[in-house]
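# Commentary on secondary and tertiary structure
Chain residues, written in single-letter form:
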Amino acid sequence: MKMLPFLLGMGVGYVLGTRAGRERYEQLSQAYRRVADNPQVQAAAGVARAKAGEAVQAGVAVAKDKVAPTSSGHQPTAPGRAAGTNGAGR
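Only a predicted model underlies this, so the values are computations on that prediction, with no experimental measurement involved.

## Focus: the overall build of the protein chain
What the protein chain contains, in helices and strands, is two helices and zero strands. Looking at the protein chain as shown, the accessible area adds up to about 8100 Å², and 63% of this sits on carbon and sulfur atoms.

As structure tokens, then:
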């Protein structure tokens, strides 16, 4: 019978804890929506997306330049690999 008060206390604590946790979750969720729905925040996010897109395009251009065929028509080799080998002999 000593276990019953313990289990009852655990149950009450669980219910109160989950209720408090849900309320806090709702508070955080509402705060996030207020910030995310703010037109200034949306404008800043749009600018950030555009800048990120520009940075990606610049990175792609640099990568293409680095792997473009050389003027002799041969592809550059990876560091540590001899020209003309494809690793099939390993």
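## A short note on the pattern of salt bridges
Scanning all chains against the criterion turns up one salt bridge. The residue R22 makes a salt bridge to E26 at a minimum N-O spacing of 3.0 Å. Of the two residues, R22 and E26 are both situated in helix α1 (residues 3-36); the distance of four residues between them amounts to about one turn of the helix.

## Some remarks on helix α2 (residues 39-67)
The end-to-end C-alpha separation of α2 is 42 Å, in line with the 42 Å expected for 29 residues at 1.5 Å each. In this structure N38 caps α2, since a side-chain oxygen of it lies 2.8 Å from the backbone nitrogen of Q40.

## Some thoughts on a nonpolar patch on the surface
Taken together, M3, F6, L7 and M10 make up a surface patch of nonpolar side chains, about 440 Å² in accessible area. By the element assignment, L7 lies in helix α1.

Procedures and definitions
Residues numbered from 1 in each chain as written. Predicted model: local features only at pLDDT ≥ 70, side-chain atom pairs only at ≥ 80, totals over all residues. Heavy atoms only, no water. Helix = DSSP H or I, 4+ residues; strand = E, 2+ residues; numbered from the N terminus. Areas by Shrake-Rupley, 256 points an atom, 1.4 Å probe, with all protein chains shown as cover. Salt bridge = Lys/Arg side-chain N within 4 Å of Asp/Glu carboxyl O. Expected span 1.5 Å × (residues − 1). Polar contact = N/O pair within 3.5 Å; in protein donor to acceptor, adjacent residues only side chain to side chain. Patch = residues over 30% accessible without salt bridge, like charges linked within 9 Å, V, L, I, M, F, W, Y side chains within 5 Å.

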